[in-house]
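# An overview of the molecular structure
Residues per chain, in single letters:
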Amino acid sequence: MAVTIARRSYRAVLSALVVVSSALAFAWAGWAGLENLRAQRNLAQLEELSGQLLQRAELAIDYAVITLGDYTAPSNDLCNIDALRALRQQTFIRGAIKDIAVLAPDGQLMCSTAPVQFDLLTSGSARVPEYESRNASIVLQPSHTEGSGLFRVLWRIGGTHSIAATLNIDMLMFDIFPAQLRDEALAEIRIGPQDVVARFGDVASTAPNETARAFSATSDRYPVSVALATSEGSLRNWNPWPLAPVLAIGATAGAIIGLLAAQTFMRPPSPVDALRSAIRRGELVPYYQPIFELATSRIVGCEVLVRWRRRDGELVFPDRFIPIAEASGLIVPMTERLVAQALTEMAPLLFDRPDFKIAFNIDPAHFAQPGFLEALDQIVAQAGSSKSCIVLELTERSAFPDMKQAVAVTIEARKRGYRISLDDTGAGHNGLGHIQDLSPDIIKIDKKFVDVAGTAEAADAIIEVLVKLGQRMGAVMVAEGIETEDQRAALAIAGVAQGQGYLVSRPVPLAAFRALIRDHELLAQVTTRDPQMA
Ligand code: G
Ligand code: G
Ligand code: MN
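Once that is clear, we can look at the packing of aromatic side chains. The final tally for this structure, using the stated rule, is four aromatic pairs. Residues Trp308 and Phe321 carry aromatic rings whose centres are separated by 5.7 Å and whose planes lie at 85° to one another, so their mutual orientation is edge-to-face. One end of the pair, Trp308, is in strand β12 (residues 299–309); the other, Phe321, is in the loop between β13 (315–316) and α6 (322–328), with 13 residues separating them in the sequence. In this structure Trp308 comes out as buried when scored by relative accessible area, which is 6%. Judged by its relative accessible area of 1%, Phe321 falls in the buried class. Ring pairs connect the aromatic residues Tyr288, Phe356 and Phe513, which therefore count as one cluster.

In structure tokens:
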């Protein structure tokens, strides 16, 4: 009972461990998975941001191009006072356009809407680089001052002149970054391959082991591109998941799965599996019950009866597992191991007593299996035993699957030197028929006749018939289950030679059995020397 409770609480603790570790694992895996997802999502968002910024820059340029488009007729004299006034009005209407200028083909300023003569883009005589758009008459020029936010959209009109709008796109970038990234991000707009016209933000506080992440987008209409950069750290801290719910959901899912797993894997093993591992672990051990001469009480042999000694010390009797062993076929390995163990541990005792018989119970189905005798021979040889001391007990309680085969094996077994004993005679399937078919060396009279021997006429009559039959066939009679002195006396008078029962001893383990033999033999020596003791 205590053992069962201990085994159960061990299972409960193990199941709890499985559930808890599964919950932790799932919470962790869920969190890690979401973090990975978040990193990917953040990257995609920054890439999208660079696209948006480029779009804004393109729109500002489009806007300037549309404005200039109204003044591109080659005949226009844009430097007269009325025309200039009209151009100047545009610079007030369109906020991003700071100035509109008319230039000679060589780049010299002809006139401008700026009230004072200054050029935002030329410095001295140095020419500003020009980058052509898809439409080659539209050209972009960066300013000399990097990051000023200023650049020029220039439209070449025939060979006569150009018209140029100076744009300020600094403020386009102001709200491009989400608040969480603003401290740790950089955005740039470039004209041509390298001229940075506008810059916003910084990636200053990047830790030494953290690389910056860069994203870029390039226009296919204008020679303009944008670049974004941020640190790995701020990318990692951006858009965090709510920790508690994620962990709670992960842990719950993990606990449920852990519970299901625990139920599946912690289920107590099936009886067959339990028996199989018990056999493998050597938990099935032989017990020995003496067989003695009824007249003298001299022990002449024993029957091996299997016991399951569990690791926790519990002793299980064969009626609880032999049916399982027979039905599952485990009876074969079980019997083979039992015979090997019994013969090995009994070897010294058998060596000193060449006439001693050791009887094994053999399942009739096992007995009739092809190869049974060959396997037995091998086990006996390995144990160094003599076949003539081995008795094979075949029970009458169950039917032989194939009587012809059983008879053939019986004959072969006896030829090889084994003794055949018919167990539980009178209790079984075929009554006296088996005696005739198998002609056993030993006939064991079933306990139910022994119980009433000397007290019930019918039982005595059956015993008498069996004894006569045994005498005629030359078989030794053994009475099973003798518990009282009266039974012993009655059976002896009826002519039964040997017996087995609690009167002399219950089935006991090896050490007790050896002690029993020693005591009996000592007593026999004393009584032969001094008949008064008997
Ligand atoms: O003592 P006891 O309860 O041992 O045995 C009960 C029954 O179990 C016996 O009558 C016997 O038929 C069966 N039994 C015991 N040991 C063995 C064994 O090793 N092999 C087989 N086949 N049956 C056994
Ligand atoms: O295989 P078989 O049925 O012969 O096995 C003998 C069975 O009888 C075993 O279960 C054994 O423990 C049991 N047994 C042996 N002697 C006695 C006895 O004197 N009394 C009782 N009640 N059972 C016995
Ligand atoms: Mn038996």
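Still more to cover.
Turning our attention to the domain arrangement of the chain. It is common to report an interface's size as the accessible area lost on association of the parts. Taken domain by domain, the chain consists of domain 1 (2–236) and domain 2 (305–528). Spacing between the C-alpha centres of domain 1 and domain 2 amounts to 99 Å.

Taken together, the protein ligands of the manganese ion (ligand 3) are Glu303 (OE), Asn361 (OD1), Glu393 (OE) and Asp423 (OD), with distances of 2.1 to 2.3 Å. Mapping the donors of the manganese ion (ligand 3) onto the primary sequence yields the spacing E-x57-N-x31-E-x29-D. Of the two residues, Glu393 sits in strand β15 (residues 390–395) while Asp423 sits in strand β16 (residues 419–425), which places them 30 residues apart along the sequence. Since its relative accessible area comes to 1%, Glu393 is described here as buried. Take Asp423: its relative accessible area is 2%, and that puts it in the buried class.

This next bit is on the pairing of strand β11 (residues 284–293). Buried residues dominate β11, accounting for nine of its ten residues. With nine bridges joining them, β11 and β12 adopt antiparallel strand pairing. Looking at β12, one finds that Pro286 is bridged to Val306. Hairpin connection between β11 and β12: a loop of five residues separates the two successive antiparallel strands, and Ser297 in this loop has a positive phi of roughly 65°. In this structure, β11 lies alongside strand β19 (residues 498–500), joined through two bridges in antiparallel fashion. In the sheet register, Glu293 faces β19, and the bridge partner there is Gln498.

With that settled, the discussion passes to a nonpolar patch on the surface. Taken together, the side chains of Tyr10, Val13, Leu14 and Leu17 present a nonpolar region at the surface, about 400 Å² in accessible area. Take Val13: it is sitting in helix α1 (residues 2–69). Overall, Val13 belongs to the exposed group, its relative accessible area being 52%.

Turning to unusual backbone geometry, a few remarks are in order. The phi dihedral of Ser297 falls on the positive side, at around 65°, and the residue is not glycine. Mapped onto the fold, Ser297 is located in the loop between β11 and β12. Phi is positive for Ser439, which is not a glycine, with a value near 30°. By the secondary structure assignment, Ser439 is in the loop between α11 (433–438) and β17 (442–445).

Time to look at the site of ligand 1. Ligand 1 sits among Leu305, Val306, Arg307, Pro318, Ile322, Ile331, Met334, Leu338, Asn361, Asp363 and Arg397. With respect to ligand 1, the backbone of Asn361 contributes an N or O atom lying 3.4 Å from a nitrogen atom. In isolation ligand 1 has 490 Å² of accessible area, and contact with the protein removes 78% of it. Sorting the residues of the shell around ligand 1 by element identifies β12 and α7 (331–352) as the ones contributing at least two each. Class assignment for the residues of the shell around ligand 1 results in seven nonpolar, one polar and three charged.

As a further point, take the site of ligand 2. In the vicinity of ligand 2, 14 residues are found, and the nearest of them are Gln289, Asn361, Glu480, Glu483 and Tyr502. Interatomic distance of 3.2 Å between a side-chain N/O atom of Glu303 and an oxygen atom of ligand 2. Separating a nitrogen atom of ligand 2 from a side-chain N or O atom of Glu483 is a distance of 2.5 Å. Mapped onto the shell around ligand 2, the elements with two or more residues apiece are β12 and β16. Along the lines of polarity and charge, the residues of the shell around ligand 2 split into four nonpolar, four polar and six charged.

As used here, a disulfide is simply a covalent bond connecting the sulfur atoms of two cysteines. Under the definition given, this model contains one disulfide. With no disulfide of its own, Cys302 lies 9.3 Å from the sulfur of Cys389, the closest cysteine sulfur.

Rules behind the numbers
Here the residue numbers are simple positions, counted from 1 along each chain's written sequence. Working convention: letters from A go to chains and numbers from 1 go to ligands, in the order in which they are written. At least 70 in pLDDT is required for a residue's local features to be given in this predicted model, at least 80 for side-chain atom pairs to be given and counted, and no such filter applies to totals for whole chains, interfaces and linings, which use all residues. Values shown for side chains rest on all heavy atoms present in the structure; no hydrogens or waters enter the calculation. Only Phe, Tyr and Trp rings are paired, with Trp represented by its six-membered ring, and only when their centres lie within 6.5 Å; those with planes under 30 degrees apart are stacked, over 60 edge-to-face, the remainder tilted. Numbering of helices and strands runs from the N terminus; a helix is a DSSP stretch of H or I covering at least four residues, while a strand is a stretch of E covering at least two. Throughout, exposure labels follow a simple rule: accessible area from a 1.4 Å probe, protein chains only, divided by the maximum for the residue type, with under 20% read as buried, over 50% as exposed, and the rest as partly exposed. Domain ranges listed in this record stem from an automatic or a database domain assignment. Any N, O or S atom lying within 2.8 Å of the metal counts as a donor, and for Na, K and Ca the limit rises to 3.2 Å; water is left out, so some sites can look incomplete. Strands are labelled as partners when DSSP assigns at least two bridges between them. Surface patches are drawn from residues lacking salt bridges whose relative accessible area is over 30%; two like charges belong together within 9 Å, two nonpolar side chains (Val, Leu, Ile, Met, Phe, Trp, Tyr) within 5 Å. To measure how exposed things are, a 1.4 Å probe is used in the Shrake-Rupley method; for residues, cover is taken only from the protein chains shown. Note on definitions: salt bridges are taken to be side-chain nitrogens of Lys or Arg within 4 Å of carboxyl oxygens of Asp or Glu. A molecule or strand has a residue near it when one of that residue's heavy atoms lies within 4 Å. In protein, a polar contact requires one atom able to donate a hydrogen and another able to accept it; more generally it is a pair of N or O atoms within 3.5 Å, and residues adjacent in sequence count only if both atoms are side-chain atoms. Put simply, Ala, Val, Leu, Ile, Met, Phe, Trp, Tyr, Cys and Pro go in the nonpolar bin, Asp, Glu, Lys and Arg in the charged bin, and everything else, Gly too, in the polar bin. Cysteine sulfur atoms that come within 2.5 Å of each other are treated as a disulfide pair.

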